[in-house]
Amino acid sequence: MTAVQFGVLGPLAVTTDAGEPVVVPGTKVRALLADLLVNRNQVVSADRLIDDLWGEDCPANPAGALQVRVSQLRKALNDAEPGARELVESRPPGYLLRVDAVDVARFDELARCTDVERLTDALALWRGEAYADVADAEFVRAEATRLAEQRLAVHERLAEARLARGEHDLVAADLAELVTRHPLREGLRAVQLRALYAAGRQSEALDSYADLRERLAEELGLDPGPELVALHRRILEQDAALSAPPKAAVIRTSLPAPLDELVGRAEALAELSELLSRQRLVTLVGPGGVGKTRLAVETARAQSLPDGVQLVELAPLPAGDALVAEQVLAALGSYEAAGTNMSPADRLVTTLRHRHLLLVLDNCEHVIDPVAELVARLLREVPGLRVLATSREPLGLTGELLWEVPPLPVPDDGDLDTVRRSAAARLFAARATAQQRGFRLDGQSAAAVAQLCRRLDGLPLALELAATRVRALGVRGVVERLDDRFRLLTTQQRDVPPRQRTLTAVIGWSWDLLDETDRMVLARLAVFRDGCTPEAAEYVCGTDLDTLARLVDRSLVVLDDSGANPRYRLLESVAAFCLDRLTDADEVRTRHATYYTELAERADPELRGAAQQRWLALLDAEMANLRSALVHGGGLRLAVALSWYWHLRGRLTEARRALAVPGDPEQETRAAPWRVGFALSQGEATEPDDVRAAVAADPGGHAAWFAANAVIEHGDLAAELLPTAAVDRWTEAAVLTSLAHIAHANGDQATLEDTATRSAALFADLGDRWGRLRATEWVGGLADMRGEHERAAALHREGLRWAEELALWPQVCAELSWLAWLAVQTRDYAQGRELAERAYALAVEQGSPGALVFAEMSLGLAARRDGKLDLAVTHLSHLAELGRGESQPALYLPMVLVELGYALEQGGDPDAALALHIEAFEAAEAMTTMRDAVGPLEGMAAAVRSPEVAARLLGAAAAARLATRSPAAPAERDDTDRTTERLRAALGPQRFDALLAEGAKLSPSEARAQL
């Protein structure tokens, strides 16, 4: 069977055998896949699939619409793995998905096992809730519920198996979050009670039972089941069968008792507990406020060593103090006996030599050198010792395992379910509820909580400080004041160390440990937005990689190497702290603007060649810095350098805003054609002389072509202004695409074929994929004109794939509109409407009037030919008014008027329809486009009252189609066939054929005169 893997234990996922993700496009196609996966290897009837996908909102042709979605699914699978389309079989009365490579099958297999390793593997398959992205659909609900129940059952069995191995503390820690999510599940609660009791935490076990009893009474009006009641009684009686581990394994600990729940760290606890079982030195590193101490304490609490756990707080020591051994001895309660002359380190080694102990050294960063020296000796001379350290920088010892404590995951958006799944949001909600009992994480507060979590980078301490302000300000009030976060984020809690009572103190603790050079570099890094590359950091900050590495080691700078290029980032709170301490801000911002202006100028020519995709990605990554540079010195010079990038990305409004900034005379001249081109692209009326002047500012260059091309939908001005002597091959190729566009509008197939083919060859030679897309667009347009609709659709589908790969959203919009047009022409109206809706939404997002026209035209055509006349009239009337409002008739106007005429004629108003067809013919005549006169002639034949005149008009139109090599598309034939059938019936076949032959001898103008 073809190797395609399916995943439902989370959002729907499809991958190739090589692990490459397979994109399944469209909401309905993904829903279809989900439905087939729920019923995998079974036939699902077409009727049931239609009902599942559309319910009461059924399309006009449901069977056809379903077939379209099946075809799209097969294509997506086949594009990923040739032959994979065969996985979706057509079997009466519907369809079947043949699949065995699905994660739920592996889960079901592993879930039947009893050993810890396989049960752990079963749970590792999950990536979220089952069928997460289609969970609201009724057809997945039962399967998703079954899987969720089975997942919980596996959790329970795994916990039971680990309890049998004596992992009591670890099981209790793992179950804490699970019980919180499923507080009424008695089986889960029973395992937790046994784990807590076996770990020597009887009071916590009793508290958990009381919580369950209270919840059951309040929410369900029930009491705990008899098995749980019996277990509770045994705990109260301290039943020997439930006793804690043997005495030798009881942990003697100096750890403080937990005062609240540790949120969002269950996986971290499990991983660290496992690491500490085989590593003698583990150091938790991370920025201040990320929760290193709390995580270390809870990890230590889960350990079982004969001599227990000892926590040593190093924060009270002055910076650089060498008395670390004395601090450890004091924590151990070991004091020097009278008359001994041993050093503190010697005494500590002697004290610990035969112990099996976990030593937790908290806050090492300000005494890092003496801590490292002491730990190195202890690990050499005390074989039973393990060390868990927390620090903002590594100890730098052989055998040290660094574990970076990450901030809590923040929600991507304000959707309530997304927010509730975020550990950062759950922590904030838990602490806010403790401060203000009326606080609820619900639909009203979710968006504000999500924004707060993102602004605070998921830092637990910052979130907890913010939660203390909810009572006075409300969550929205807290968010509104985050720009003044250092005054806002403070606490009056007396049991919190001073260094953690304000966000300023948290960051200042690390700042004070830096030397002057490192402080200067860190402050300068704060001018960057959304990070920077090492090269940018070196240039703007006047530093070297060694300094940057030190700041990374001290957890003040984050190195993000997840993308193609590594980037240095500051947490938002660290950046805000550092900006307040930047003493040479003007000079640094000037260097920043210079660096990014030069970067954009290097990128501009690369965006027109083989490196286009790489440079687009690079500028995407640097967009926040480029915007900052525009404000702080880049000005018009930078705006001009970015203009082509903005065009490729469809960011027209941003381009116009940046180009509106005044500059020196030279920059003003360079900006002129870009300003005019973007204004025209957004539909702004511009005087022809202003366009001519802008084009003259860049004779034969890229910008001149851009401005001239922008008037291509506005009459003959583009042909006049397009450069005739291009400065380079790229501009020559671009001009050829414009000429192809004009030839397409004029119906000049010979010129269209020549210019589009030459342009595609030139762009291919240059390696410019955008250019090849534009040229191929008109090759596809020629195929459509000649009636080669399958070839045209194949070209535009390939173009869409390329455009999406490059994220060229204007071209994505164009390709979607072309495909919508072709779908309508070949009678696939449902597909045409769906594609046009996607194109229209994208065009609205980009603010591109030209793209909106093309998309809305396809919407109007699809609606009219699908019988939805009211919707068609709405779209087409809007377009007609737009076209009439142009200073010269818009190129699309004749076609729109013809379609609107047909809609009115079909709606019972042939006289109004005839007037529109005549207007369309006159507009085509004014533009001297004979091809566009054909449609109005056919429309007149449908609307005119005289059957004789109508027959001659049809004959003239047929002759014109032959002359222009423009065969009617299937959908167009439907209109003429309808007219032909009516006229044959009225005139008789012989008379009709004779009149048709008479009309064939008439020119379009002569035929029009028949009216």
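Keep in mind that this is a model prediction, so the values were computed, not measured.

### Remarks on the overall build of the protein
At step 1: For the protein, the helix and strand inventory stands at 49 helices and 12 strands.
At step 2: Overall, the protein is about 130 × 75 × 55 Å in size when its C-alpha atoms are taken along their principal axes.
At step 3: The contacts in the protein between residues at least 6 apart in sequence include a share of 68% that link residues at least 24 apart.
At step 4: When the accessible area of the protein is evaluated, it comes to approximately 43900 Å², of which 50% is carbon and sulfur surface.

### Describing the environment of Leu891
At step 1: Tracing the sequence through the fold places Leu891 in the loop between α42 (869–884) and α43 (893–906).
At step 2: We classify Leu891 as buried; its relative accessible area is 19%.
At step 3: A C-alpha to C-alpha distance of 5.9 Å links Leu891 and Glu713, two positions 178 residues apart in sequence.
At step 4: Beyond its immediate sequence surroundings of up to four residues, Leu891 is in contact with Ile712, Glu713, Ala745, Met927 and Asp932.

### Here we look at the nonpolar core
Considering soluble globular proteins, one finds that nonpolar side chains tend to be buried as a cluster.
At step 1: With 202 residues, the main nonpolar core has Trp403, Phe428, Leu525 and Trp646 as its most contacted residues.
At step 2: The leading source of residues in this core is helix α29 (residues 623–649), at 14 residues.
At step 3: Leaving out residues up to four positions away in the same chain, Leu525 has contacts with Cys532, Ala537, Cys541, Leu548, Leu551, Val557 and Leu570.

### Description of the packing of aromatic side chains
At step 1: Evaluated as defined, the whole model comprises 19 aromatic pairs.
At step 2: Note on Trp778 and Trp818: the rings are 5.9 Å apart at their centroids and 85° apart in plane angle, and the pair reads as edge-to-face. One end of the pair, Trp778, is in helix α37 (residues 769–785); the other, Trp818, is in helix α39 (residues 809–825), with 40 residues separating them in the sequence.
At step 3: Members of the aromatic cluster, each reached through a chain of ring pairs, are Trp644, Trp705, Trp730, Phe763 and Trp770.
At step 4: The residue whose ring lies beneath Arg608 is Trp730, and the NZ or CZ to ring-centre distance is 5.0 Å.
At step 5: In this structure, Arg769 is placed above the aromatic ring of Trp802, and the distance from its NZ or CZ to the ring centre is 5.3 Å.

### Here we look at the sheet that holds strand β9 (residues 385–391)
At step 1: One open sheet holds the 5 strands; their spatial order is β7-β8-β9-β6-β10, and the pairing between them is parallel. Two strands lie at the open edges of the sheet, namely β7 (309–313) and β10 (401–404), each paired on one side alone. Between one strand axis and the next, the sheet turns through 20° on average, direction left out of account.
At step 2: When strand β6 (residues 281–285) meets β9, the two strands line up parallel, connected through 5 bridges. When the bridges of β9 are listed, Val282 appears paired with Leu388.
At step 3: With respect to the sheet, helix α13 (residues 324–332) is in contact with β7 and β8 (357–362), its orientation differing from that of β7 by roughly 130°.

### Details of unusual backbone geometry
At step 1: Non-glycine residue Asn41 carries a positive phi angle of around 65°.
At step 2: Unlike most non-glycine residues, Tyr131 shows phi in positive territory, near 50°.
At step 3: Here Tyr131 shows up in the loop between α5 (116–124) and α6 (138–164).

### Regarding empty space enclosed by the protein
At step 1: All chains considered together, the criterion is met by 3 cavities of 30 Å³ or more.
At step 2: Each pocket or cavity is described by its volume, and for the largest cavity that value is around 70 Å³.
At step 3: Around the largest cavity sit Pro287, Gly288, Arg392, Leu459, Leu503, Val506, Ile507, Ser510, Ser555, Leu556, Leu571 and Val574, which together line it.
At step 4: Broken down by element, the residue count for the lining of the largest cavity peaks at 4 residues, all from helix α22 (residues 503–511).
At step 5: Each residue belonging to the lining of the largest cavity can be placed in one class, and the counts come to 8 nonpolar, 3 polar and 1 charged.
At step 6: Within this model, the second largest cavity holds a volume of roughly 60 Å³.
At step 7: Counted by class, the lining of the second largest cavity contains 3 nonpolar, 1 polar and 4 charged residues.

### Overview of the pattern of salt bridges
Pairs may arise between side chains of opposite charge once their charged atoms sit close together.
At step 1: One pass over the full model with this rule turns up 69 salt bridges.
At step 2: Here Glu381 makes a salt bridge to Arg377, at a shortest N to O gap of 3.0 Å. Separated by 4 residues within a single helix, Glu381 and Arg377 lie in helix α15 (residues 368–381), roughly one turn from each other.
At step 3: Overlapping salt bridges, with partners in common, bring together Arg864, Arg865, Glu899, Glu905, Asp975 and Arg978 in one network.

Quick notes on the rules
Residues numbered from 1 in each chain as written. Predicted model: local features only at pLDDT ≥ 70, side-chain atom pairs only at ≥ 80, totals over all residues. Heavy atoms only, no water. Helix = DSSP H or I, 4+ residues; strand = E, 2+ residues; numbered from the N terminus. Contact = heavy atoms within 4.5 Å. Areas by Shrake-Rupley, 256 points an atom, 1.4 Å probe, with all protein chains shown as cover. Buried < 20%, exposed > 50% of the residue type's maximum accessible area, 1.4 Å probe, protein only. Core = buried A, V, L, I, M, F, W, Y, C linked by side-chain atoms within 4.5 Å. Phe/Tyr/Trp six-rings, centres within 6.5 Å; stacked < 30°, edge-to-face > 60°. Lys NZ or Arg CZ within 6 Å of the ring centre and 35° of its normal. Pairing = 2+ DSSP bridges. Axes fitted to C-alpha atoms, helices over the stretch in contact; angles between N-to-C directions. 1 Å grid on protein atoms, 1.4 Å probe; cavity = no way out; pocket = protein on both sides within 12 Å on 5 of 7 lines; lining within 4 Å. Points joined across faces, edges and corners; volume = space filled by probe spheres on them. Nonpolar A, V, L, I, M, F, W, Y, C, P; charged D, E, K, R; others polar. Salt bridge = Lys/Arg side-chain N within 4 Å of Asp/Glu carboxyl O.

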